[in-house]
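Reading the structure
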Amino acid sequence: EVQLVESGGNLVQPGRALRLSCAASGFNFDDFAMHWVRQAPGKGLEWVSGISWDSVSIGYADSVKGRFTISRDNAKKSLYLQMNNLRLEDTALYYCAKDTSVAGTSPIDYWGQGTLVTVS
Amino acid sequence: IQLTQSPSSLSASVGDRVTITCRASQAISIYLAWYQQKPGKAPSLLIHGASTLQGGVPSRFSGSGSGTDFTLTISSLQPEDFATYYCQHFHSYPLTFGGGTKVEIK
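Here's what I pulled together on the structure shown here. No experiment lies behind these values; they were computed from the predicted model shown.

Here is what the cut-offs are and how they apply
- Going along each chain's sequence as written, the residues are numbered from 1 onward.
- As they are written, the chains are lettered A onward and the ligands numbered 1 onward, keeping that order.
- The model is predicted, so local features are restricted to residues of pLDDT at least 70 and side-chain atom pairs to those at 80 or more, both for listing and for counting; the totals for chains, interfaces and linings are taken over all residues.
- Hydrogens and water are ignored here; the side-chain numbers use all heavy atoms of the structure.
- The contact criterion used throughout is that any non-hydrogen atoms of two residues lie within 4.5 Å.
- Accessible surface is computed with a 1.4 Å probe, and the buried area is the amount of it that two parts give up when combined, taken over both parts together.
- Note on definitions: salt bridges are taken to be side-chain nitrogens of Lys or Arg within 4 Å of carboxyl oxygens of Asp or Glu.
- Any N or O atom pair separated by 3.5 Å or less is treated as a polar contact, with the protein-specific requirement of one donor-capable and one acceptor-capable atom, and with residues adjacent in sequence counted only for side-chain atom pairs.
- Helix numbering and strand numbering both begin at the N terminus, where a helix is a DSSP run of H or I of at least 4 residues and a strand a DSSP run of E of at least 2.
- Think of it in three bands: with a 1.4 Å probe and only protein chains considered, a residue is buried below 20% of the maximum accessible area for its type, exposed above 50%, and partly exposed in between.
- For two strands to count as paired, DSSP must find a minimum of two bridges between them.
- The axes used here are C-alpha line fits, helices contributing only the stretch in contact, and every angle between their N-to-C directions lies in the interval 0 to 180 degrees.

On the chain B side, the residues contacting the 26 residues of chain A number 17 residues. When chain A packs against chain B, the two sides together hide about 1,600 Å² of surface, and 66% of this comes from carbon and sulfur. Area buried by chain A at its contact with chain B is led by A:L45, A:W47 and A:P107, which between them contribute 36% of it. Run the count over chain A and chain B and you get zero salt bridges. Viewed at the interface, chain B and chain A are joined by four residue pairs in polar contact (both at pLDDT 80 or more). Those elements that provide at least two residues to the side of chain A that touches chain B are β4 (34-39), β5 (45-51), β6 (58-60) and β10 (108-111) of chain A.

Another aspect to go through is unusual backbone geometry. A cis amide bond, omega -5°, links B:S6 with the succeeding residue B:P7. Cis geometry marks the peptide bond from B:Y93 to B:P94; its omega dihedral reads -5°. Despite not being glycine, A:N85 shows a phi value in the positive range, around 50°. Position of A:N85 among the secondary structure elements: in the loop between β8 (78-83) and β9 (92-99). Even without a glycine there, the phi angle at B:S29 is positive, about 55°. The topology assignment puts B:S29 in the loop between β3 (18-24) and β4 (32-37). The partly exposed category is assigned to B:S29, whose relative accessible area is 38%.

Before going further, it helps to examine the sheet that holds strand β8 (residues 69-74) of chain B. Residues and elements named next belong to chain B. The strand order across the open sheet built from four strands is β1-β3-β8-β7, with neighbouring strands paired in antiparallel fashion. Two strands lie at the open edges of the sheet, namely β1 (3-6) and β7 (61-66), each paired on one side alone. Put simply, the sheet's adjacent strands are angled 15° from each other on average, direction ignored. Relative to β8, β7 runs antiparallel, the two being bridged by six bridges. Within β8, the residue paired with S66 across the bridge is D69.

See the structure below:
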């Protein structure tokens with residue numbers, strides 16, 4: 001069974017940093033690209049960042065480019081999101097999500113339950 | 001690439017045929033997916049490649065379109081289908097989602 005478990009969400013002041021983690025299990029982690037997707041309270045989904053299986057191909061939403069860094073450790077089956085210079089508008093539930101391919105530009109077939117980041 | 005979904009919400013009855021549209025700001029071939037999200041839950045994949053049903057998804061769901069115009073159709077709305085639906089393109093980075101369509105009970 002595919003499981004994605006996020007951690008690291010917290011209440012943080014504007015301008016501070018936070019690092020999210022996602023522990024994956026139930027599938028060959030290094031065979032798939034991964035993503036972070038967020039959802040502000042009562043709002044729609046926003047894709048944040050994606051990373052290919054080998055970390056060569058990485059993409060960011062314009063709203064986070066230059067502030068957030070995605071990374072992965074295939075040996076630890078873990079995905080990370082380093083978030084710097086946080087803003088009020090970064091407040092959201094952050095989902096870790098699994099791509100259906102290696103590259104990162106394919107649909108998402110599994111999602112975690114999310115970790116809440118509150119910037120205030 | 002911007003995705004514009006319409007309507008943003010709709011009210012329908014059980015058994016109704018429901019159609020949701022998603023328009024891309026530039027051509028994306030068939031690199032489009034549809035997701036369903038219920039309150040308090042993570043989204044789930046319904047359709048990928050614009051028209052391919054994800055395994056386990058009921059056949060009352062269907063998708064069509066290519067280029068810039070896409071539709072999600074529910075042929076006969078069931079009680080468990082009341083949810084919010086999102087389109088997403090996966091043509092190239094950055095990926096984006098549509099604004100969502102909330103399907104409510106009439």
